[in-house]
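Inside the fold
Letter by letter, the chains look like this.
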Amino acid sequence: MLLALDDAISTAVLAGRGADAEILGVIDLTNKTEARMGAISLGRAI
């Protein structure tokens, strides 16, 4: 039963990696400004 639950969770997580994510709160330490990033897939953002 636990293995089946882990498979379902893993499948859901892997499916979500293809969804677009907007990354907020990234600070450019050189310029002391918020860095603007476009929407990218969650897998690439991680």
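Residues numbered from 1 in each chain as written. Predicted model: local features only at pLDDT ≥ 70, side-chain atom pairs only at ≥ 80, totals over all residues. Heavy atoms only, no water.

1. A short note on the overall build of the protein
The condition that has to hold: For helices the rule is a DSSP run of H or I covering at least 4 residues; for strands it is a run of E covering at least 2, with both sets numbered from the N terminus onward. Only protein chains enter the area calculation, which uses a 1.4 Å probe; residues under 20% of their type maximum are buried, those over 50% are exposed, and those in between are partly exposed. In this description, accessible areas are obtained by the Shrake-Rupley approach with a 1.4 Å probe, and a residue is regarded as covered only by the protein chains that are shown.
Across its full length, the protein holds 2 helices and 4 strands. For the protein, the N- to C-terminal ordering of α and β elements is α-β-β-β-β-α. A buried classification covers 2% of the 46 residues belonging to the protein. Surface summary for the protein: the accessible area is close to 4,000 Å², and the carbon and sulfur share equals 62%.

2. A look at unusual backbone geometry
Here Lys 32, not a glycine, exhibits a phi torsion of approximately 55°, which is positive. Its place among the elements puts Lys 32 in the loop between β2 (27–28) and β3 (33–34).

3. Observations regarding the confidence of the model for the protein
The cut-off we apply is this: Per residue, pLDDT measures the predictor's confidence, with a range of 0 to 100.
Across the protein, the average pLDDT comes to 77, with 87% of residues at or above 70. Between the elements of the protein, mean pLDDT differs from a low of 72, seen in helix α1 (residues 2–16), to a high of 88, seen in β3.

4. Details of the environment of Gly 43
Its place among the elements puts Gly 43 in helix α2 (residues 42–45). On the basis of relative accessibility, which here comes to 21%, the residue Gly 43 falls in the partly exposed class. With 27 residues separating them in the primary sequence, Gly 43 and Gly 16 have C-alpha atoms 8.1 Å apart.

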